[in-house]
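# Architecture and fold: a report
Each chain, letter by letter, is given below.
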Amino acid sequence: MLKDKFKIETLPITKDFLREKRYIDERGELVLLADGDEIRHITYFTLNPGKDFFRGGHFHRKKTEKFYVVSGKLNIHVVDVDTKEKDVIEIIAGQRVTIYPFCAHKFQAITESHVIEYYASAYDIDDDIRFTDF
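Residues numbered from 1 in each chain as written. Predicted model: local features only at pLDDT ≥ 70, side-chain atom pairs only at ≥ 80, totals over all residues. Heavy atoms only, no water.

From N to C terminus, the chain includes 0 helices and 12 strands. Reading the secondary structure of the chain in the N-to-C direction produces β-β-β-β-β-β-β-β-β-β-β-β. Its C-alpha atoms give the chain principal-axis dimensions of about 45 × 35 × 25 Å. Taking the intrachain contacts of the chain between residues at least 6 apart in sequence as the baseline, contacts between residues at least 24 apart amount to 74%. (Helix = DSSP H or I, 4+ residues; strand = E, 2+ residues; numbered from the N terminus. Contact = heavy atoms within 4.5 Å.)

Along the polypeptide, leucine 2 turns up in the segment before β1 (6–10). Given a relative accessible area of 3%, leucine 2 falls into the buried group. Along the backbone, leucine 2 and cysteine 103 are 101 residues apart, and their C-alpha atoms lie at a distance of 7.6 Å. Here leucine 2 is in contact with Val78, Val79, Asp80, Glu85, Lys86, Asp87 and Cys103, once residues within four sequence places are set aside. (Buried < 20%, exposed > 50% of the residue type's maximum accessible area, 1.4 Å probe, protein only.)

Bridge analysis of strand β5 (residues 55–59) against strand β10 (residues 103–109) gives 3 bridges, and the strand direction is antiparallel. Bridge pairing in β10 links histidine 58 to histidine 105. (Pairing = 2+ DSSP bridges.)

Turning to its location among the elements, lysine 63 is positioned in the loop between β5 and β6 (65–71). One buried charged residue, lysine 63, remains without a salt bridge, the closest side chain of opposite sign being glutamate 65 at 4.0 Å. Among the polar contacts listed, one links the side chain of lysine 63 to the side chain of tyrosine 119, at a separation of 3.2 Å. Other than its neighbours up to four places away in sequence, lysine 63 contacts Ile99, Tyr100, Pro101, Tyr119, Ser121, Tyr123, Asp127 and Asp128. (Lys, Arg positive; Asp, Glu negative; His and termini not counted. Salt bridge = Lys/Arg side-chain N within 4 Å of Asp/Glu carboxyl O. Polar contact = N/O pair within 3.5 Å; in protein donor to acceptor, adjacent residues only side chain to side chain.)

Within this structure, the stated rule accounts for 5 aromatic pairs. Taking 6.2 Å as the distance between ring centres and 85 degrees as the angle between the ring planes, the aromatic pair formed by phenylalanine 59 and phenylalanine 131 counts as edge-to-face. You can see phenylalanine 59 sitting in strand β5 and its partner phenylalanine 131 sitting in the segment after β12 (129–130), a full 72 residues away along the chain. Accessibility assignment for this pair places phenylalanine 59 and phenylalanine 131 in one class, buried. Taken together, the ring pairs connect Phe59, Phe102, Phe131 and Phe134 into an aromatic cluster. (Phe/Tyr/Trp six-rings, centres within 6.5 Å; stacked < 30°, edge-to-face > 60°.)

Let us now look at the sheet that holds strand β9 (residues 95–99). Reading across from one edge, β1-β9-β6-β11-β4 is the order of the 5 strands in this open sheet, with antiparallel pairing throughout. Taken across any chain shown, the strands that pair with only one partner, and hence form the sheet edges, are β1 and β4 (41–47). Across the sheet, the mean angle separating the axes of adjacent strands is 20 degrees when strand polarity is ignored. Here β1 runs beside β9; their pairing, made up of 5 bridges, is antiparallel. Residue pairing across strands places glutamate 9 opposite arginine 96, the latter belonging to β9. (Axes fitted to C-alpha atoms, helices over the stretch in contact; angles between N-to-C directions.)

Ile76, Val78, Ile91, Ile99 and Phe107 are the most contacted members of the largest nonpolar core, which has 17 residues in total. For this core, the secondary structure elements donating two or more residues are β4, β6, β7 (73–80), β8 (86–92), β9 and β10. In terms of nonpolar packing, the next biggest core, distinct from the first, is built from 6 residues, Phe59, Val79, Val81 and Ile129 among them. (Core = buried A, V, L, I, M, F, W, Y, C linked by side-chain atoms within 4.5 Å.)

Now the structure itself:
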């Protein structure tokens, strides 16, 4: 099922000690994305609104990816490669999306957006499988 191929979480805003959280005060924002996880790949990207502006458009057989929305608002188009079930979900600043294997995905900005992508493996070109049936 498609809902088992991705997860969307809103990181809590708190002063309390948590391994993953947001903390906002007059100085700005601090985000703790991961504590104790192995991370071997980090990417930062921006995406501007536009009819044909996308990032992604693929799926992975092995890799699980995480995306944290620093600012902005995006639609994420997801497709379960096995069942062909599709959805489009709006995500906003402060949310993290986890994409599991065999979930095709692409991002389209609603507003100018800034995103951090990270995962536990090194980049593997053979695990980026192009997907166009969104």
